[in-house]
Amino acid sequence: YKLSVSPEMDIMEYCRKEWRGNTPAAKRMRKGYEAVAQKFASIRRIRGDNYCAFRATLFQALSQATQLPRWLQSEDFTVLPENLLSKYDWIKQWQLRQKPGKRMGEIRDEIKEYLILLRQKWKNISEIKGPLEKQEACDKLFKNEEEEYSLYEALKFLMLNTAIELYNADKSGKRVPVFSWLLFARDTSRNPCQLMQNHLNHIGHSGGLEQVEMFLLAYALQYTIQVYRLYKHSTDEFITLYPNDPEEDWPVVTLITEDDRHYNIPVRMCQETML
């Protein structure tokens, strides 16, 4: 059994263990970790199984949640699968985790269950006042494999919904963020249907999130995802924001990556940073 989110460990200790050599890459990584250590004291490793971007982002969002986001409070939230399936027949090809080839009604009901679970967990955790108790509740949730993967299925569906909204907005001449053009400029995702078939259906199975999909995840959650990209240390892209022009009222979660494929999380902000 693998832990989804490992216990915390001192950042520089972790770095020394992982990057011992004197290659240019190892030196750059050490410099990157030193920069992160100015702000955060510890790191928690995230289990790497093609869901790590979801896992790291959701864990960070829940562990600092103090209220239910507006979009989770909306009355239409749980009827999303119904609404989308009534308009877009191709969503029948949605691949439920480990359950390919489900019928339309089953897909609708199952995704609705996942969305309800996401709202319920977010609400419960955001109502916990004490930071220790909140952390324990998050740790417990991310040890329950069945629930954890159901939440990722909900996130994927929210990403699809956001992609459809952006695509339709662009087609009707409204302004959309630049990443939305990039998302639909790929040969494999010219429209939301292709995005679902060639990308979203494969997340967690044969691949993780690509850069442009990190933007989509940020928009779906209405969170700014700040990422320390260690291999980009001493360039403008060392700290990358998804989206790069975030809304001011979006909360921020912070992740660390060494290669844009696997993500870990920094924890325990250093005291002077907090002030």
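Summarised in this report is the structure supplied together with it. (Residues numbered from 1 in each chain as written. Predicted model: local features only at pLDDT ≥ 70, side-chain atom pairs only at ≥ 80, totals over all residues. Heavy atoms only, no water.)

This part covers the nonpolar core. The biggest cluster of nonpolar side chains holds 77 residues, and the ones touching the most others in it are Ile91, Trp94, Leu118 and Trp122. The element contributing the most residues to this core is helix 8 (residues 145–171), with 13 residues. The contacts of Trp94, once residues within four sequence positions are left out, are Ile107, Ile111, Glu153, Lys156, Phe157, Leu160, Met196, Leu200 and Asn201. Listed in part, the 13 residues of the second largest apolar core include Ile11, Cys15, Phe238 and Ile256. (Core = buried A, V, L, I, M, F, W, Y, C linked by side-chain atoms within 4.5 Å. Buried < 20%, exposed > 50% of the residue type's maximum accessible area, 1.4 Å probe, protein only. Helix = DSSP H or I, 4+ residues; strand = E, 2+ residues; numbered from the N terminus. Contact = heavy atoms within 4.5 Å.)

Before going further, it helps to spend a moment on the packing of helix 8 against helix 11 (residues 211–221). The description of two helices packed together rests on the angle between their axes and the distance between the axes. The geometry of helix 8 relative to helix 11 is characterised by a closest axis approach of 9 Å and an angle of 95° between their N-to-C directions. Here helix 8 lies roughly perpendicular to helix 11, going by the angle between them. Here Leu155, Leu158, Met159, Thr162, Ala163 and Leu166 of helix 8 lie close against helix 11, whose contacting residues are Glu213, Leu216, Leu217, Tyr219, Ala220 and Leu221. Class assignment for the residues of the contact of helix 8 with helix 11 results in ten nonpolar, one polar and one charged. (Axes fitted to C-alpha atoms, helices over the stretch in contact; angles between N-to-C directions. Parallel < 35°, antiparallel > 145°, perpendicular 65-115°, else oblique. Nonpolar A, V, L, I, M, F, W, Y, C, P; charged D, E, K, R; others polar.)

The next point concerns the sheet that holds strand 4 (residues 239–242). Either a parallel or an antiparallel arrangement is found when strands of a sheet pair, and the pairing is made through backbone hydrogen bonds. As summarised here, the arrangement of the six strands in space is 1-2-6-5-3-4, forming an open sheet in which the pairing is mixed. Pairing within the sheet leaves two strands with one partner each, and these edge strands are strand 1 (9–10) and strand 4. In this structure, strand 1 lies alongside strand 2 (residues 40–44), joined through two bridges in antiparallel fashion. Each bridged residue has a counterpart across the sheet, and for Met9 the counterpart in strand 2 is Ile43. Contacts from helix 2 (residues 24–37) reach strand 2, strand 3 (224–229), strand 5 (252–257) and strand 6 (263–269) within the one sheet, and its direction differs from that of strand 2 by about 120°. Strand contacts of helix 3 (residues 52–63): strand 2, strand 3, strand 5 and strand 6, with the helix running at about 20° to strand 6, the strand carrying the most contacts. (Pairing = 2+ DSSP bridges.)

A few words now on the side chain of Arg30. With respect to the helices, strands and loops of the structure, Arg30 is situated in helix 2. For the buried residue Arg30, which engages in no salt bridge, the nearest side chain bearing the opposite charge is Glu34, 5.9 Å off. Polar side-chain contacts of Arg30 include one of 3.4 Å to the side chain of Asn22. Among residues more than four places away in sequence, those in contact with Arg30 are Met12, Cys15, Trp19, Arg20, Gly21 and Asn22. (Lys, Arg positive; Asp, Glu negative; His and termini not counted. Salt bridge = Lys/Arg side-chain N within 4 Å of Asp/Glu carboxyl O. Polar contact = N/O pair within 3.5 Å; in protein donor to acceptor, adjacent residues only side chain to side chain.)

Time to look at the pattern of salt bridges. Applying the stated criterion to the full structure yields 19 salt bridges. We note a salt bridge from Arg70 to Asp249, for which the minimum N-O separation is 3.7 Å. In this pair, Arg70 is assigned in helix 4 (residues 70–73) and Asp249 in the loop between strand 4 and strand 5, connecting sequence segments 179 residues apart. Here Arg70 matches Asp249 in class, with each residue exposed.

This part takes up the packing of aromatic side chains. For the structure on display, the rule yields 18 aromatic pairs. Each ring, one from Tyr14 and one from Tyr33, has its centre 5.9 Å from the other, and the planes form 70°; the classification is edge-to-face. Note that Tyr14 is positioned in helix 1 (residues 11–18) and Tyr33 in helix 2, a separation of 19 residues in sequence. Note on accessibility: Tyr14 and Tyr33 belong to one class, buried. Seen in terms of ring centroids, Tyr149 and Tyr152 are 5.7 Å apart; in terms of plane orientation they differ by 90°. Their pairing is edge-to-face. With Tyr149 and Tyr152 both in helix 8 and three residues apart, the pair spans about one turn of that helix. Each member of the pair, Tyr149 as well as Tyr152, is classed as buried. Among the aromatic residues, those joined into a ring-pair cluster are Phe179, Phe215, Tyr219, Tyr242 and Trp250. (Phe/Tyr/Trp six-rings, centres within 6.5 Å; stacked < 30°, edge-to-face > 60°.)

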